[in-house]
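# Structural overview for review
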Amino acid sequence: MKKEYVILFVIFLLTLNFRMILSLQADGFSSDSAYYNLRHTDYISENTQPMIYDELSYSGRYILDTHIFHYALAGLRAFLPDFFIFKILPEILFALLVFIVYAVAKTLTENSTAAMLSALISGFIPIFVSNSVNTISIYSIVLPLIFYQLFCLMNLETHKGRFIVLSFLLPLIHPFTAILALAFLFYAVLLSIESIRIKKQVKEAVIFFVMLVLLISFIFYKKVFLALGLNALLQNVPSALFASYFQGVNVFSLIYNIGIIPLILGALGIIFGIAWEKNDFAFLLSALVLADFALLFLKLINFNLGMMFLGILLAIFSATAISKAIKYVNITKFARHKNAIFVAFVILIAATLFFPSYSGASNAIKAAPSADEINALAWISHNTPKNSIVLGNIDEGNLIAYASQRKTVADNVFMFAPDRYDDVYTMLTSESLVKSTNLMHNYGVGYIFISEKTKQSYNMEDLNNADSECYKMEHESKKAKIYKFLC
Amino acid sequence: MKAKRQKYTSSFASILLAIGCVFSLLIIFLFRSAEKLLPGRESYFLLRIAENPAFIDALSFGGRFTAYPLGLPYLLNLLPWALAIAMPFVFGILSIILFFLLLRDFNVKPRKTALAILLLSPSFIYLFNTLNTASAALFLALLGFWLFARKGGIRVLSPLVIALIPLFDLTIALLSMLLLLFYVFFKDKESKKLYFAALALFLASAGIYYSYIIKNAGFSWPMFNLWETGFNGALRSLLSDLGAPYGIGLFSLILAVFGIIAVWDAKYENKFAFFSIAALLVTSMFFPKALFMLSLFVAVFAAIGFMDILNSRWENRLFQRFVLLIMVCGIIFSALSFAQVFVNSEPDEGIVKGIGALSELPNGVVFSEYTRGHWISFAGKPNVMDENAYLAPDVNERFEDSQMLFKTRDIEEAGKIIKKYNIKYIWIDAGMKRRLWKEDEDGLLFLLKYNPDLKNKVYDVDGVEIWEISEGAYAGSGYEIR
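None of these values were measured; they are calculated from a predicted model.

Calculation criteria
Residues take numbers from 1 onward in each chain, read along the sequence in its written order. Chain labels run from A onward and ligand labels from 1 onward, assigned in the order the entries are written. Reporting in this predicted model follows two pLDDT cut-offs: at least 70 for local features of residues, and 80 or more for side-chain atom pairs to be given and counted; totals over whole chains, interfaces and linings ignore these cut-offs and use all residues. When DSSP locates at least two bridges between a pair of strands, those strands are taken to pair. Going along the chain from the N terminus, every DSSP run of H or I of four or more residues is numbered as a helix, and every run of E of two or more is numbered as a strand. Domain delimitation in this document rests on an assignment produced automatically or drawn from a domain database. Residues are defined as contacting one another if the C-beta atoms placed from their backbone atoms lie within 7 Å. Polar here means any residue other than Ala, Val, Leu, Ile, Met, Phe, Trp, Tyr, Cys and Pro, which are nonpolar, and Asp, Glu, Lys and Arg, which are charged; Gly is therefore polar. Interaxial angle, 0 to 180 degrees, is taken between N-to-C directions of lines fitted to C-alpha atoms, where a helix line uses only the stretch in contact. Here roughly perpendicular refers to angles of 65 to 115 degrees, roughly parallel to angles under 35, roughly antiparallel to angles over 145, and oblique to all remaining angles. A crossing counts as left-handed when the near helix is turned anticlockwise from the far one by less than a right angle, and as right-handed when that turn is clockwise. Each residue is classified by how many other C-beta atoms fall within 10 Å of its C-beta atom, where C-beta atoms are placed from the backbone; a count of 20 or more means buried, 12 or fewer means exposed, and values in between mean partly exposed.

## Re the sheet that holds strand β5 (residues 445–451) of chain A
Residue and element names in this part refer to chain A.
- Judged by pairing direction, the sheet is mixed, and its five strands sit side by side in the order β4-β3-β5-β7-β6 without closing on themselves. This sheet does not close on itself; its edge strands, each paired only once, are β4 (407–408) and β6 (471–476).
- Alignment of β5 against strand β7 (residues 480–485), held across five bridges, turns out to be antiparallel. Within the sheet, the bridge partner assigned to Phe449 lies in β7 and is Ile482.

Structure representation (structure tokens):
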């Protein structure tokens, strides 16, 4: 086996171990969407058909999802234990990205050392690690496949079949694939601005992919497009939440979240690739950066997702800058200190990426529901009427539905859901008992679940009128409280 | 042998097209139940006016001068119900024939593909499946164009036909004149005299008819938006896949772009088409009826685009076949998706029953959202306002008052508006509830639920509620209810 593949495999193991060590520290999952995926996978495992009407979420609502991911997880359950599927597999899938980043970076630079360093960087992008570790996320499949599709397009001669298969598969899995279609359009525009002729076969592949994504998206999300038009892309995110996007985003947060190394090297890589070399692949990757920026600017994608994607792209672009640096060092007197420089660079990566990643991921692990909170929700499932409705943090809605098996007021899957974002905030934080109880009446709230995360998210210690006769404490532990609503 | 096979294929395609044409024109007839055979709202308005065409409309806006074209109502007057069902079909068949003849005269290829795309176009399905003024106007426009493009003496009839269009639909009439101008200017400069004759007749008929209307109705213009505005609004009025009531299919539009690119090298020969498309595209942002004419051009260029993809040399045949397949699927999907929405569109059976129930109640002004106005007047009751907002009396004031009444929880405020328009009934249905209120105790719903003077529900079936404002309900406030 080639030495570079061994090193690459070591990078993969390093990334995987890093993620696994963090992930196994928590019993639960760090993101609420993990519980959404768990519930739907459970449902498919039991019924072999997807849950179209969710009786618990928003106390009953229609779900818009292709459920390919849930079917895949349910299918794997036939051969593998749940612990592996839900705890380990997502980490493996996210870690696999280093191979794909390596492949793309190598195609871009034709330099395996640069590509390897790029793969190493991609494994430890802080915002990527902290948002993907310890989750059951559809992006564990989507992100590697999107970058693999990109690789297939870059090597269309040899990967045509895979490109076609993925073109059908990707839009079926998740609508985020549209970013690739948008990027391909930007790619065509960028090349025409630079008067570079796009390869005929690539042009044909791009037309095919864009048309297919459009067709599949319009077939699957027909109802949303008919109801909301282009606003469907906003996924019905409540206006209050929408307004809070990008709050607190500044240069320092960007440096911290993406890492100073990929940020600087990535930016240099873009300049080298586009302005100096006029590299076809650099234009393709720049088009992806542009598409990501466009979607972020228009707030059409979640900020964290956009940043994760940008981080990986910058890691790939770093390979161009690293490759140039290696070539430059090789023609200078520093060439004899090549190994020392290499080691110093790896240490620099560790210092600027590894520690922020670890700190971010540790926070994510802490955000996973504690045993106290899970027990409190289990208490609800054993001690409350089956049709009771539980009010809680909107970012724990899926957790509440999963662990308590009770109806919720709201969660963060907003598509086709009524806008209750402000009302949940009012019910949990209002000083006016009349206001909050009126809303609770409207939503038929029976129990209120207050977790540590609720306290942090809503900046509260407890319900404002917890001592009034409208609320009765039914369950209390160190990290969770359950009130019964009596009025 | 090969020629024989080609002839056979061509005949087969023609038969298939004919069947497709009939099917496309009978979608509503085939799939919508007999009780609610007329979809939409305009058809109810036209049917009502057709039964008694006059220059005073006692029901719209509580009574107004008939400030709309009366061409179609007069045409329907003989047998209103039968013609309301049959006429769109007849206009559809005739329009398709004229469109085909025009393509042949202009030597546009491929004609059959263009025709197939047009038949699957949502705007075409809408136009000729329900009673509306644009279907008659478009037929006349096509007839006028066809006559205009003839060589013989018959072409002198074209100014007469064109002069009739304003009596059916002013938007289509103005656009027809504009397109004819482009045609004369870019394609057939020798027909200037005939164009001026058509223009003179057009101005005479439109001028006389509309100055009479404006003189009697006064000039008032809605200052509110009946449609969604902004970029999303513009797209939503253009593309049926994004929710346009009679838009263009996304994939037809994409293919049309491919078609335009394909003929771009011969752009100077296609100035008429390009200018027409640009003008129609811009106009459709403000007057959606322009989409009916735009869809004809889109069908032609989409057909050219399709044939270009089919005939050009692709490096990878697999991608080529897939792209063609996707385009065909996309066009069919747009048509089916639109047809499904259209067949299930309002009024539903509940609303039709509600209209029947309303017609049996004693006379009185009915308040509802303006989109319900035509149904209310079809039930023989005066409405506060409807969608014929142009040249309507106090249209902006009525709109503001309506919005106020929908939102208010203040009985005094509501009472003033009720008295101002002599409102006797309030019509509320499920569609309105979804659009106008978030919760079931918001604004007017709160008043109807809790105010003893208002909570007199006289009808509540299948999501339609009719509330009667009780006699003497405002006696204390000095309100009189007629």
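## Structural notes on the domain arrangement of chain B
All names here are of chain B.
- Here the domain parsing of chain B yields domain 1 (2–31 + 67–343) and domain 2 (349–477).
- Put simply, the middle of domain 1 and the middle of domain 2, counted by C-alpha atoms, are 38 Å apart.
- Contact with domain 1, which involves 13 residues of that partner, is made by nine residues of domain 2.
- Split into classes, the residues belonging to the side of domain 1 that touches domain 2 amount to eleven nonpolar, two polar and no charged.

## Comments concerning the packing of helix α15 (residues 290–311) of chain B against helix α16 (residues 317–343) of chain B
Residue and element names in this part refer to chain B.
- Two elements in contact, α15 and α16, have axes whose closest approach is 9 Å; the angle formed by their N-to-C orientations is 160°. One way to sum up the angle between α15 and α16 is to call them roughly antiparallel. As for the relative orientation of α15 and α16, their crossing is left-handed in sense. The residues of α16 that touch α15, namely those facing Phe306, Ile309 and Leu310, are Gln320, Val323, Leu324 and Met327.
- Grouping the constituent residues of the contact of α15 with α16 by class yields six nonpolar, one polar and no charged.

## Details of the domain arrangement of chain A
Residue and element names in this part refer to chain A.
- What the domain assignment reports for chain A is domain 1 (3–30 + 80–367) and domain 2 (371–485).
- One C-alpha centre belongs to domain 1, the other to domain 2; they are set 37 Å apart.
- Taken together, the contacts link ten residues of domain 1 with ten residues of domain 2.
- Each residue belonging to the side of domain 1 that touches domain 2 can be placed in one class, and the counts come to six nonpolar, three polar and one charged.

## Structural notes on the pairing of β5 of chain A
All names here are of chain A.
- With respect to burial, β5 is a largely interior element, seven of its seven residues being buried.
- Taken together, the three bridges between strand β3 (residues 389–391) and β5 define a ladder with parallel strand orientation. Within β5, the position partnered with Val390 by the bridge is Tyr447.

## Some points on the interface of chain A and chain B
- In this complex, chain A contributes 20 residues to the contact, which on the side of chain B involves 22 residues.
- Top element by residues in the side of chain A that touches chain B is helix α11 (residues 200–220) of chain A. It accounts for twelve residues.
- In terms of residue class, the side of chain A that touches chain B is built from 13 nonpolar, four polar and three charged.

## As for unusual backbone geometry
- Look at the link from Lys109 of chain B to Pro110 of chain B: it is a cis peptide, with omega at 0°.
- Counting through the fold element by element, Pro110 of chain B comes out in the loop between α5 (80–105) and α6 (111–119).
- Put simply, Glu346 of chain B and Pro347 of chain B share a cis peptide bond, and its omega is 0°.
- Looking at where Pro347 of chain B falls in the secondary structure, it is placed in the loop between α16 and α17 (349–360).
- Phi at Glu110 of chain A is positive, roughly 60°, even though this residue is not glycine.
- Checked against the element boundaries, Glu110 of chain A lands in the loop between α5 (97–109) and α6 (112–123).
- Classification of Glu110 of chain A as exposed rests on a count of 11 C-beta atoms within 10 Å.

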